[in-house]
Amino acid sequence: MYAADSLTDALHLTKRYLSALWLQGWLKLGIVLAFLGGFGAFLQVFNVPVELGIQALEGSDELPLVAAGAVAVLVIYVAFRYVAALLEFVFVESLRSETMSVRRYLRANVRRGLSLLVFRFAVGIGVVVAIAAPLVALVVLGDVSDPNALSAGAVAALVAYAVAVVLGWFVVDTLTNGFVVPIMLHDERGPISAWRRFVPVIGANWVGVLAFVLVAWTIGFALWAVFAVVGFFAAFFGLFLWILFAALLTAVHDSLVLVAVVGLLVGYLAYQYAVALVESPVRSYVRYYAIGILGATDDSLDLVADRRAAITAGTASGDDPGPMQPTSDLERTGRPMDVDGPGGEPSTGDVSGGSSDRAFDDPVWEGQSVWDQPVESRVDDGDAASRTADDTSEPLDSSNDSTDSSNDGATETRSEADDRTDEEADDRTDEEADDSR
């Protein structure tokens, strides 16, 4: 259920996410993924065999120094695991907000990272106890005093049991990273409470959950196979060049061998970082696939409801819901979607996953286009302009005519008044002349 649709949605979400990060965010993403996966092999340096540790303790006269070294190694190991647990939430938060603000996301998830670390250690201890319990039961409660005296059938059964326990461990770890961590971030829960919230999702959509596990393992194995071959050749040529480099430094001075060791460590970390950069699109796709299945199964757990609604609307209308810029790195859950102002995003659905009838990249145009009008009603731009000029010029001409006529009338009136004044002046002059005579 929802497994096939979530595959397509995860592809569109991954395109949008990587295009929104740009170069700077992509480089930060490489660091996050390197700690989550690539630097995991670096932690194997601390997995010293127990027998070697016991022999070192027996043959050493400086027991406190050896114990201090063991404690230092354990502290470094726990610190690396804690950083990896923190970065799980940073990765999911980045997928949800489509930005990569590492420091802010780290500060916001300090307690969650610690609870996830404790949960992982508890699961690991439970796996060790589950594998060791049958052996202890056979030795203590059974008649077997030496494990080497076990029959072939008993050994095969124990091996099958151990493989099943390890596979169960891998399943729990895969589901925790894919589903439980997003639930912890979305609902602000602890790992146990998030697992309780996730169990109904498994019951409602066990096909989708199983499909995610198969897809995640298949892609993970394919990446491991590819980079195992690439890593073999890279290690071969890298070690060859490093040996030459170390020989040159040693020829200059013996103390420069430390520089060669540091160069080897830097080269290894650089290779793991490059691998993480190459893997980032694939690992983002797998995480988006889990988030899509989670949201499609339970609307209240949908971390990317607005974007999935836009993808659904764009696919239904035949548009390409490709890479799109996010509005900001604010929390997507619960914020209004009708953002106004520069950089705003048109409303495309609510948090519950309701779809809209317009995709993100559709043009926002509320008026009627001229091309939607009938052909006979369309007016050429030149005709419209000329008719407008004529219409506006007619009242101007009439006003001018009325003004001219009024001016002419006033001129005529003034001329008649002047003539009458002159005649009256002449009459008065004649009368004065008669009186004088």
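Residues numbered from 1 in each chain as written. Predicted model: local features only at pLDDT ≥ 70, side-chain atom pairs only at ≥ 80, totals over all residues. Heavy atoms only, no water.

1. So, the overall build of the chain
Right, on to step 1. For the chain, the helix and strand inventory stands at 11 helices and zero strands.
Right, on to step 2. In sequence order, the secondary structure elements of the chain are arranged as α-α-α-α-α-α-α-α-α-α-α.
Right, on to step 3. When burial is assessed residue by residue, the chain has 30% of its 437 residues classed as buried.
Right, on to step 4. Long-range pairs, those at least 24 residues apart, make up 73% of the contacts in the chain between residues at least 6 apart in sequence.
Right, on to step 5. Surface exposure of the chain reaches about 26100 Å², of which carbon and sulfur atoms provide 66%. (Helix = DSSP H or I, 4+ residues; strand = E, 2+ residues; numbered from the N terminus. Buried < 20%, exposed > 50% of the residue type's maximum accessible area, 1.4 Å probe, protein only. Contact = heavy atoms within 4.5 Å. Areas by Shrake-Rupley, 256 points an atom, 1.4 Å probe, with all protein chains shown as cover.)

2. Observations regarding the UniProt feature "transmembrane region" (unreviewed entry) in the chain
Right, on to step 1. When the UniProt feature table is mapped onto this chain numbering, "transmembrane region" (unreviewed entry) sits at residues 25-46, 66-92, 113-140, 152-185, 197-217, 223-249 and 256-274.
Right, on to step 2. Taken end to end, residues 152-185 comprises 100% helix and 0% strand; its first and last C-alpha atoms sit 48 Å apart. (UniProt positions renumbered as here; feature names shortened; annotations may be inferred.)

3. Things to note about unusual backbone geometry
Right, on to step 1. A positive phi angle, close to 60°, is found at Trp-22, a residue other than glycine.
Right, on to step 2. Relative to the helices and strands, Trp-22 resides in helix H1 (residues 3-36).

4. A short note on helix H3 (residues 63-97)
Right, on to step 1. Counted at 1.5 Å a residue, the expected span for H3 with its 35 residues is 51 Å, and the 51 Å between its end C-alpha atoms agrees.
Right, on to step 2. Downstream of H3 by one or two residues, Glu-98 has phi in the positive range, about 60°. (Expected span 1.5 Å × (residues − 1).)

5. Looking at the environment of Arg-308
Right, on to step 1. By the element assignment, Arg-308 lies in helix H10 (residues 305-316).
Right, on to step 2. Counting along the chain gives 12 residues from Arg-308 to Ala-296, while the straight-line C-alpha distance between them is 9.4 Å.
Right, on to step 3. Leave out the neighbours within four places in its chain, and Arg-308 touches Asp-9, Leu-13, Gly-292, Gly-295, Ala-296 and Asp-302.

6. Considering the nonpolar core
Right, on to step 1. Ranked by size, the top nonpolar core spans 50 residues in total, and within it Tyr-17, Phe-91, Phe-179, Phe-198 and Phe-212 carry the most contacts.
Right, on to step 2. Where this core is concerned, the elements lending two or more residues are H1, H3, helix H5 (110-140), helix H6 (152-187), helix H7 (191-204), helix H8 (206-252) and helix H9 (257-297).
Right, on to step 3. Beyond its immediate chain neighbours, meaning those up to four positions away, Phe-179 contacts Phe-198, Val-209, Phe-212, Ala-290, Ile-293 and Leu-294. (Core = buried A, V, L, I, M, F, W, Y, C linked by side-chain atoms within 4.5 Å.)

7. Considerations on the packing of aromatic side chains
Right, on to step 1. In total, this model carries 10 aromatic pairs according to the counting rule given.
Right, on to step 2. Relative to Phe-170, the ring of Trp-169 lies with its centre 6.2 Å away and its plane at 20°, an arrangement referred to as stacked.
Right, on to step 3. The class of Trp-169 is partly exposed, set by a relative accessible area of 35%.
Right, on to step 4. Measuring from centroid to centroid gives 5.4 Å for Phe-236 and Phe-237, while their planes differ by 85°, and the two rings are edge-to-face. (Phe/Tyr/Trp six-rings, centres within 6.5 Å; stacked < 30°, edge-to-face > 60°.)

8. Some points on the pattern of salt bridges
Right, on to step 1. Taken as a whole and judged by the stated rule, the model has nine salt bridges.
Right, on to step 2. Residue Arg-16 pairs with Glu-98 through a salt bridge whose shortest N-O separation is 2.5 Å. Of this pair, Arg-16 sits in helix H1 while Glu-98 sits in the loop between H3 and helix H4 (102-108), and the two are 82 residues apart along the sequence. As far as the burial class goes, Arg-16 and Glu-98 line up, both buried.
Right, on to step 3. Between Asp-187 and Arg-189 there is a salt bridge whose closest N-O contact spans 3.3 Å.
Right, on to step 4. When its relative accessible area of 27% is taken as the criterion, Asp-187 is described as partly exposed.
Right, on to step 5. Using a relative accessible area of 27% as the deciding quantity, one classes Arg-189 as partly exposed. (Salt bridge = Lys/Arg side-chain N within 4 Å of Asp/Glu carboxyl O.)

9. Focus on the packing of H3 against H6
Right, on to step 1. Running from N to C, H3 and H6 point in directions that differ by 75°, and their axes come no closer than 10 Å. As far as their axial angle goes, H6 and H3 are roughly perpendicular. Counting all contacts with H3, which are made through Glu-88, Phe-89, Val-92, Glu-93 and Arg-96, the residues of H6 involved are Asn-177, Val-181, Pro-182, Met-184, Leu-185 and His-186.
Right, on to step 2. Each residue belonging to the contact of H3 with H6 can be placed in one class, and the counts come to six nonpolar, two polar and three charged. (Axes fitted to C-alpha atoms, helices over the stretch in contact; angles between N-to-C directions. Parallel < 35°, antiparallel > 145°, perpendicular 65-115°, else oblique. Nonpolar A, V, L, I, M, F, W, Y, C, P; charged D, E, K, R; others polar.)

10. Some thoughts on the side chain of Asn-205
Right, on to step 1. Here Asn-205 is to be found in the loop between H7 and H8.
Right, on to step 2. Overall, the relative accessible area of 1% leaves Asn-205 in the buried class.
Right, on to step 3. Only 2.8 Å separates the side chain of Asn-205 from the side chain of Thr-297, close enough to count as a polar contact. (Polar contact = N/O pair within 3.5 Å; in protein donor to acceptor, adjacent residues only side chain to side chain.)

11. A word on H6
Right, on to step 1. With 36 residues, H6 ought to run about 52 Å at 1.5 Å a step, and its terminal C-alpha atoms sit 50 Å apart, in line with that.
Right, on to step 2. Within H6, the axis deviates most sharply at Thr-176, by approximately 45°.
Right, on to step 3. Backbone geometry just downstream of H6 places Glu-188 in the positive-phi region, at approximately 55°. (Bend = angle between axes of the 7 residues up to and from the residue.)

12. Here's the deal with a nonpolar patch on the surface
Right, on to step 1. Residues Val-155, Val-159, Val-163, Leu-167, Trp-169, Phe-170 and Trp-217 make up a contiguous nonpolar surface patch of about 610 Å² in total accessible area.
Right, on to step 2. No other element matches the six residues that H6 contributes to the nonpolar patch.
Right, on to step 3. When you line up the elements, Leu-167 lands in helix H6. (Patch = residues over 30% accessible without salt bridge, like charges linked within 9 Å, V, L, I, M, F, W, Y side chains within 5 Å.)

13. Looking at the side chain of His-186
Right, on to step 1. Locating His-186 in the fold gives a position in helix H6.
Right, on to step 2. In this structure His-186 comes out as buried when scored by relative accessible area, which is 16%.
Right, on to step 3. At 2.7 Å, the side chain of His-186 forms a polar contact with the side chain of Asp-187.

14. Topic: the packing of H8 against H9
Right, on to step 1. The N-to-C vectors of H8 and H9 enclose an angle of 165°; their axes lie 10 Å apart at closest approach. One way to sum up the angle between H8 and H9 is to call them roughly antiparallel. As H8 packs across H9, the resulting crossing turns out to be right-handed.
Right, on to step 2. Class assignment of the residues belonging to the contact of H8 with H9 gives a composition of 27 nonpolar, two polar and one charged. (Left-handed = near helix turned anticlockwise from the far one by under 90°.)

15. So, the environment of Met-184
Right, on to step 1. Residue position: Met-184 is located in helix H6.
Right, on to step 2. Between the C-alpha atoms of Met-184 and Leu-116, which are 68 residues apart in sequence, the distance is 9.5 Å.
Right, on to step 3. Those residues within four positions of Met-184 in sequence are excluded, and the remaining contacts are Phe-89, Arg-112, Ser-115, Arg-189, Gly-190, Pro-191 and Ala-194.

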